[in-house]
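Overview (structure and organization)
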Amino acid sequence: MNLDRLKVFLQIVDSGSMSAAARAVHLTQPALSRTLKLLEEEMGVPLFARKGRVLVLTAGGRSLVPRGRALLAEGQRVRLEVGRSAERAYFDVRLGAVDSVATYLLPHLIPALRDAFPTLAVKLSTSRTAMLLRHARAGDLDLVVVAHSGPPPDARALSLGTYRLRFFGRSDLYPRLSAARTEAEVQSFPIVEIDPGHGEPGLVPDDALSYAVASNVATVKALVLAGFGVGHLPDFMLTYQEAATLCRAQVPHDPECALFLVASPRWQGPMEARIEATIARRLTRLLGDMARPQSPSRRNQRGPQ
């Protein structure tokens, strides 16, 4: 199918008239009409019917609209990927991750990716789960690693492992934290939390005397270890030695919350599948190893070697 003719057809649909479409694609109206006629001959059916001065899509035309848009989007994706590979002479992956994963898991993933794909270019960005999912669905990112309660809807998602968030605080400063069983009880301690964002509820009570609002999870961890207050952290962020200095609240974590590797709808092909499988396999192993309490003999080590 001729994609240029298909573009003209969709422009007529979007513009609502032949004259408006002709101006939009910089063609004369007779040239636009000829292009449409050639597409109708190619399809073997009329695509528009005229009712008075108004163009109306036929049944065949209505059927072509969603299929035509999908075909153009796929053609654009292919052109971008082929051009990108030809220009740079290597393959690339646009990878997104939530802050905790980017800070504590991806540094162990990147060497494995380089070993498996020496010429692979990795373009990494970090953000919150909701933003990463939007970018993946739009095709702006190829793969994203997000924390979500259950599989993200409307996405091809692979579970990498449980994402256990717990409230931690220094044992010598906040020994009563280990008896806290609700968030309300946790709020009696100085809170260290990530900025909840516009319209999202935070943990800091209105009458709090001391609290900290951080922009990233590494700052939350640093302030918790320094004794500033109590913070919500995933267990894989803490070494055995660090965990030994902390106590944690008994507030149940969400059993459905897990890390998921989510692929863009445009992330398809044999090479893409190999990269995705490597990332998933390595992150699953990392998450399992780093969440498992380490023996005293490995107190000064962090993560799988």
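Residues numbered from 1 in each chain as written. Predicted model: local features only at pLDDT ≥ 70, side-chain atom pairs only at ≥ 80, totals over all residues. Heavy atoms only, no water.

**Focus on the confidence of the model for the chain**
Looking at the chain as a whole, the pLDDT averages 87, with 92% of positions reaching at least 70. Note that pLDDT drops below 50 for residues 294-305; the model gives that stretch 23 contacts with residues more than four away or on any other chain. (pLDDT = per-residue confidence, 0-100. Contact = heavy atoms within 4.5 Å.)

**Describing the packing of helix α2 (residues 18-25) against helix α3 (residues 29-43)**
One way to put it is that α2 packs onto α3 with a least axis distance of 9 Å and a crossing angle of 100 degrees. Classified by the angle their axes make, α2 and α3 are roughly perpendicular. Here α2 contributes M18, S19, A21, A22 and V25 to the contact with α3, which in turn contributes Q29, L32, S33 and L36. (Axes fitted to C-alpha atoms, helices over the stretch in contact; angles between N-to-C directions. Helix = DSSP H or I, 4+ residues; strand = E, 2+ residues; numbered from the N terminus. Parallel < 35°, antiparallel > 145°, perpendicular 65-115°, else oblique.)

**Digging into the environment of G231**
Counting through the fold element by element, G231 comes out in strand β10 (residues 230-234). Residue G231 is classed as buried on the basis of its relative accessible area, which comes to 0%. Sequence separation between G231 and V220 is eleven residues, and the spatial gap between their C-alpha atoms is 6.3 Å. The contacts of G231, once residues within four sequence positions are left out, are R166, F167, F168, V192, V220 and V224. (Buried < 20%, exposed > 50% of the residue type's maximum accessible area, 1.4 Å probe, protein only.)

**Quick look at the packing of helix α1 (residues 3-15) against α2**
Relative to each other, α1 and α2 sit at 125 degrees, their axes nearing to 8 Å. The orientation of α1 relative to α2 falls into the category oblique. Read as a crossing pair, α1 and α2 show a hand that is right-handed. Two secondary-structure elements touch here, α1 through Q11, I12 and S15 and α2 through M18, A20, A21, A24 and V25. Within the contact of α1 with α2, the residues separate by chemical class into six nonpolar, two polar and no charged. (Left-handed = near helix turned anticlockwise from the far one by under 90°. Nonpolar A, V, L, I, M, F, W, Y, C, P; charged D, E, K, R; others polar.)

**Here's the deal with the layout of surface pockets**
Each pocket or cavity is described by its volume, and for the largest pocket that value is around 1,200 Å³. Forming the boundary of the largest pocket are 38 residues, of which R128, L165, I194, E200 and H232 lie nearest the centre. Of all the elements in the fold, those that place two or more residues in the lining of the largest pocket are α5 (99-104), α7 (129-138), β5 (143-149), β7 (165-170), β8 (191-194), α9 (217-226) and β10. A per-class count over the lining of the largest pocket returns 20 nonpolar, eleven polar and seven charged. (1 Å grid on protein atoms, 1.4 Å probe; cavity = no way out; pocket = protein on both sides within 12 Å on 5 of 7 lines; lining within 4 Å. Points joined across faces, edges and corners; volume = space filled by probe spheres on them.)

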